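# Tertiary structure, described
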Amino acid sequence: MQVLLSPVDRTDQVALLFKRTFTDSEGAEEGAVIHDLAHALLTTTPEDALRVFVAEEDGTLTACAIFTRLRFASDPRAAFLLSPMAVATAHQGQGVGQELIRYALKTLRAEGVDVAVTYGDPNFYGRVGFEPVSTDTVPAPQPLNMPEGWIAQSLKDAPLTSLASPSVCVPALDRPDVW
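Below: a short report on this structure. Keep in mind the model is a prediction, meaning the values are calculated, not measured.

The rules behind each value
- Residues numbered from 1 in each chain as written.
- Predicted model: local features only at pLDDT ≥ 70, side-chain atom pairs only at ≥ 80, totals over all residues.
- Heavy atoms only, no water.
- Salt bridge = Lys/Arg side-chain N within 4 Å of Asp/Glu carboxyl O.
- Helix = DSSP H or I, 4+ residues; strand = E, 2+ residues; numbered from the N terminus.
- Buried < 20%, exposed > 50% of the residue type's maximum accessible area, 1.4 Å probe, protein only.
- Disulfide = S-S within 2.5 Å.
- Expected span 1.5 Å × (residues − 1).
- Phe/Tyr/Trp six-rings, centres within 6.5 Å; stacked < 30°, edge-to-face > 60°.
- Pairing = 2+ DSSP bridges.
- Polar contact = N/O pair within 3.5 Å; in protein donor to acceptor, adjacent residues only side chain to side chain.
- Contact = heavy atoms within 4.5 Å.

## Examining the pattern of salt bridges
Under the definition given, this model contains 5 salt bridges. Notably, a salt bridge pairs Arg 10 with Glu 56, separated by 2.4 Å at the nearest N-O pair. Taken together, the positions of Arg 10 in the loop between strand 1 (2-5) and helix 1 (11-26) and Glu 56 in strand 2 (residues 50-57) put the pair 46 residues apart, joining distant regions of the chain. Overall, Arg 10 belongs to the buried group, its relative accessible area being 13%. Here Arg 51 and Glu 111 are joined by a salt bridge, their closest N and O atoms 3.0 Å apart.

## Digging into unusual backbone geometry
Between Ser 83 and Pro 84 the backbone carries a cis peptide bond, its omega angle lying at -5°. Relative to the helices and strands, Pro 84 is located in strand 4 (residues 79-87). Cis geometry is found at the peptide bond from Ser 165 to Pro 166, where omega equals -5°. Inspection of the secondary structure assignment puts Pro 166 in the loop between strand 7 (150-154) and strand 8 (167-168). The backbone of Asp 58 shows a phi angle near 55°, a positive value even though the residue is not glycine. You can see Asp 58 is positioned in the loop between strand 2 and strand 3 (60-72). Classification of Asp 58 by relative accessible area gives exposed; the value is 79%. With a phi angle near 50°, Ser 74 is a residue other than glycine that sits in the positive phi range.

## What about the state of the cysteines?
Applying the stated rule across the entire model yields 0 disulfides. Left unpaired, Cys 64 is separated from the closest cysteine sulfur, that of Cys 169, by 18 Å. On the basis of relative accessibility, which here comes to 0%, the residue Cys 64 falls in the buried class. Assessed through its relative accessible area of 8%, Cys 169 is described here as buried.

## Structural notes on helix 3 (residues 96-111)
In this model helix 3 runs 23 Å from its N-terminal to its C-terminal C-alpha over 16 residues, within 8% of the 22 Å that 1.5 Å per residue would give. Taken together, the buried positions of helix 3 are occupied by Val 96, Gly 97, Gln 98, Leu 100, Ile 101, Ala 104, Leu 105, Thr 107 and Leu 108.

## Examining the packing of aromatic side chains
Tallying each qualifying case throughout the model produces 8 aromatic pairs. Ring geometry for Tyr 125 and Phe 130: centres 5.9 Å apart, planes at 85°, overall edge-to-face. Like Tyr 125, the residue Phe 130 is buried in the burial classification. With a centroid separation of 5.8 Å and an interplanar angle of 65°, the aromatic rings of Trp 150 and Trp 179 are classed as edge-to-face. With Trp 150 in strand 7 and Trp 179 in the segment after strand 8, this residue pair connects regions lying 29 residues apart in the sequence.

## With respect to the pairing of strand 7
Within strand 7, 5 of the 5 residues are buried, which leaves the element mostly enclosed by the surrounding structure. Burial of strand 7 is two-sided: the residues Trp 150, Ala 152 and Ser 154 facing one way and the residues Ile 151 and Gln 153 facing the other way are all buried. Here 5 bridges tie strand 5 (residues 115-119) to strand 7, and the two strands are oriented antiparallel to one another. Paired with Val 117 across the strands is Ala 152, a residue of strand 7. Where strand 6 (residues 131-132) lies against strand 7, 2 bridges are found, and the strand directions are antiparallel. The partner of Glu 131 across the bridge, within strand 7, is Ala 152.

## Focus on the side chain of Ser 154
Examined against the element boundaries, Ser 154 turns out to sit in strand 7. Among the polar contacts made by the side chain of Ser 154, one reaches the main-chain amide nitrogen of Lys 156 at a distance of 3.1 Å. There is a polar contact of 2.7 Å between the side chain of Ser 154 and the backbone oxygen of Ala 158. If we skip the residues at most four places from it in the chain, Ser 154 touches Arg 109, Asp 114, Pro 159 and Leu 160.

In structure tokens form, the structure reads like this:
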């Protein structure tokens, strides 16, 4: 397996991976929503606010993690939000997702990013250093349907401290239906 920072010219491949994976796990409607979200993120987010990491096996895309800039009012720290992420159904449970996230976090840390945030399963993401946070500590850009899934980690050699409210995500994610 090869893990890398992907060029954005794989929009259709990446969006299709999200569609298939989420259709398999959540149904066709959710697959379509996440496909459209991934496509919008890849085609409308400025390059400096977007990092796309992929895992491949024998030239086939097996996983993808999309990180986008998350800004906080009057807080100079650089933060990125992981959302969405998918591992092809046939490759789940093999550590592909964890390896991909570890690579992505290492790359972001090397770029000087201070904080990584995501909204997902704390049990899965906890394996790669994410911990539950309150919206008082890390303000969310939209109301959260499942606040227990709001998790973050410091990418510096210091504990995560409160970020200044409010937060602003990239436009493609600024929709209540994905929060």
